[in-house]
Each structure stands twice: as C-alpha cells, then as structure tokens.
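One-letter residues, chain by chain:
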Amino acid sequence: IEATGNYIGGIAGFMNGSNDNISIKNSFISGKDYVGGAFGYAGGRLINGENIEVYGNNYVGGIFGKMIDGIDGQYILIQNSNIEGTGNYIGGIAGTSADAYGAGCYVNNCEINAESINSNYVGGVFGEYTGNQNMNYRIIANSQIKGTASSVGGIIGYLNGSKLYGGVAYDTKILGNENVGGII
C-alpha cells in the first residue's frame, strides 16, 4: 500500500475501536502521518506482524501509527520487519500510545529508524507513551533502533505519565544523539 496522505494501514487506516486475532505478513505500507503495518489509528490484541516494511513521516509504527488501547493479558508481536520515519514518534509496535498498558508487546529482529536530522521520540516498542496506567511486559530483542536527534530508547523514546514494569532490551543496538537510554 502506497499513499500520500494520513491514517494508512495494511488492514485499516482509521478504526476507533479494538481488533482481535489479526495477522499481517509480507507487506509494504507507506504514507505521511499515522502509518502502521496493520492500522494507522486503532487498538487491539492478539496481533502478529512479520516481514513488514513501514515508511512514513510522523507517528509511524510496525503495527499501529497510534495505538488507542491494549487488552490485559494479551499480546502484540512484530518480527523481521523494518520501520522508518522521517519525522517524530517512531516505534516498533506504535509511534505513540496513551492506553496500551495491558497488552504484552514483543519486537524481534527489527530495524526502527528515524531518517531525519530532526527526528525525535524513537523507541523499540513505542516512540512515545503518555498513558496513566502502568505498562507491563515490553520486550525487544535482536534489533536496532536509530534516532538522529533526541529521545531514543530501547523500549520507549519518550515516557510521560506512567511506570514501566518488565521492560527488556536484549541484544539490541541503540543509536542516538541525546537523551538516549537502553530502556527509556
């Protein structure tokens, strides 16, 4: 899928709700803002993405451009994929999320890259997380995260307003300019 506008996804561009039991593989998705391998803007659980190429500007993620909800005790997985953005808020699972506290998020063998000199908020799982709920089970392994400006993290590029429990970055290379951390 190649588009020039906003809210672009391999399954749907914009859905104001949750999705269950979704799998997307061997796909190319590109757009401007809110671009995701599965959804530009949505929530969900039990989502599996594999061999996905996602390109966009702001709010770019392997599964969601913006994730609006995650369900307790469920998972979201992306593997063997490449996520690139030229703006801000770029993440392995989602560019940004304010309500993904319950779903376990796993990123394996992925490259998450911010390609502009001014790209901020780049994370292995979320570029930005602003929810008030504590987050559990965020894992990235065998991957690379590259940001060129500020706020680059193994799990989250920018965390505002909550706590992270159980964040693991394993065998992952993290590159950035300032405010760079192994987890946040």
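Every value quoted in this text rests on a predicted model; they were computed, and no experiment measured them.

J.: Mind showing me how you'd approach the overall build of the protein here?
T.: A tally of regular secondary structure across the protein gives zero helices and 21 strands. With respect to the principal axes defined by its C-alpha atoms, the protein has extents near 35 × 35 × 25 Å. Among the 184 residues that make up the protein, the fraction classed as buried is 55%. Sequence separation of at least 24 residues holds for 80% of the intrachain contacts in the protein that already meet a minimum separation of 6. When the accessible surface of the protein is split by element, carbon and sulfur atoms take 42% of a total near 7,300 Å². Of the charged side chains in the protein, 8 are positive and 14 negative; the average position of the first set lies 4 Å away from that of the second.

J.: Could you clarify how one ought to interpret the nonpolar core in this entry?
T.: A general feature of soluble globular proteins is that nonpolar side chains tend to end up buried together. Among the nonpolar cores identified, the biggest contains 37 residues, and Phe-64, Ile-93, Ile-112 and Phe-126 are the most heavily contacted of them. Counting only elements with at least two residues in this core, the list comes to strand 2 (12–30), strand 4 (39–56), strand 6 (64–70), strand 7 (75–79), strand 11 (104–108), strand 12 (111–114) and strand 14 (126–129). A total of five residues in this core trace back to one element, the largest contributor, which is strand 4.

J.: What is the right way to look at the packing of aromatic side chains in this model?
T.: The description of an aromatic ring pair rests on the distance of the ring centres and on the angle between the ring planes. According to the stated counting rule, one finds eleven aromatic pairs in the structure shown. Ring geometry for Phe-28 against Tyr-55: centres 5.5 Å apart, planes inclined by 40°, an arrangement best described as tilted. Of this pair, Phe-28 sits in strand 2 while Tyr-55 sits in strand 4, placing them 27 residues apart in sequence. A relative accessible area of 35% places Phe-28 in the partly exposed class. The class of Tyr-55 is partly exposed, set by a relative accessible area of 25%.

J.: So what exactly am I meant to see when it comes to the sheet that holds strand 9 (residues 90–91) here?
T.: Consider a sheet: its strands pair through backbone hydrogen bonds, and that pairing is either parallel or antiparallel. Read across the sheet, seven strands follow the order 1-3-5-9-13-17-21 without closing on themselves; strand pairing throughout is parallel. Pairing within the sheet leaves two strands with one partner each, and these edge strands are strand 1 (8–9) and strand 21 (178–181). Judged from the two bridges that link them, strand 3 (residues 35–36) and strand 5 (residues 60–61) form a sheet pairing that is parallel. Note that in strand 5 the partner of Gly-36 across the bridge is Gly-61.

J.: Explain the pattern of salt bridges to me, please; I cannot follow it from the model alone.
T.: Side-chain pairs of opposite charge can arise where the charged atoms are in close proximity. According to the stated counting rule, one finds one salt bridge in the structure shown. Taking the shortest distance from any N to any O, the salt bridge between Arg-45 and Asp-20 comes out at 2.9 Å. Of this pair, Arg-45 sits in strand 4 while Asp-20 sits in strand 2; the two residues are 25 residues apart in sequence, bridging distant segments of the chain.

J.: What is the right way to read the environment of Asp-99 from this model?
T.: Among the secondary structure elements, Asp-99 is positioned in the loop between strand 10 (94–97) and strand 11. Take Asp-99: its relative accessible area is 28%, and that puts it in the partly exposed class. A C-alpha to C-alpha distance of 5.3 Å links Asp-99 and Gly-131, two positions 32 residues apart in sequence.

J.: Would you explain unusual backbone geometry in this entry?
T.: In most cases, non-glycine residues show a negative phi, while peptide bonds are predominantly trans. Of note in this structure, Asn-109 is not a glycine but carries a positive phi near 55°. Considering the arrangement of structural elements, one finds Asn-109 in the loop between strand 11 and strand 12. According to the relative accessible area criterion, Asn-109 is partly exposed, its value standing at 41%. The backbone of Asn-142 sits at a positive phi, close to 55°, despite the residue not being glycine. Within the secondary structure, Asn-142 sits in the loop between strand 15 (135–141) and strand 16 (144–146).

J.: Would you take a moment to explain the side chain of Asn-58 for this structure?
T.: You can see Asn-58 is positioned in the loop between strand 4 and strand 5. Ignoring sequence-local partners within four residues, the contact set of Asn-58 consists of Lys-32, Asp-33, Tyr-34, Gly-87, Asn-88 and Tyr-89.

J.: What am I meant to see in the environment of Gly-62 here?
T.: Residue position: Gly-62 is located in the loop between strand 5 and strand 6. Through-space distance from the C-alpha of Gly-62 to that of Lys-163 is 23 Å; in sequence the pair is 101 residues apart.

Rules and cut-offs
Residues numbered from 1 in each chain as written. Predicted model: local features only at pLDDT ≥ 70, side-chain atom pairs only at ≥ 80, totals over all residues. Heavy atoms only, no water. Helix = DSSP H or I, 4+ residues; strand = E, 2+ residues; numbered from the N terminus. Buried < 20%, exposed > 50% of the residue type's maximum accessible area, 1.4 Å probe, protein only. Contact = heavy atoms within 4.5 Å. Areas by Shrake-Rupley, 256 points an atom, 1.4 Å probe, with all protein chains shown as cover. Lys, Arg positive; Asp, Glu negative; His and termini not counted. Charge placed at Lys NZ, Arg CZ, Asp CG, Glu CD. Core = buried A, V, L, I, M, F, W, Y, C linked by side-chain atoms within 4.5 Å. Phe/Tyr/Trp six-rings, centres within 6.5 Å; stacked < 30°, edge-to-face > 60°. Pairing = 2+ DSSP bridges. Salt bridge = Lys/Arg side-chain N within 4 Å of Asp/Glu carboxyl O.

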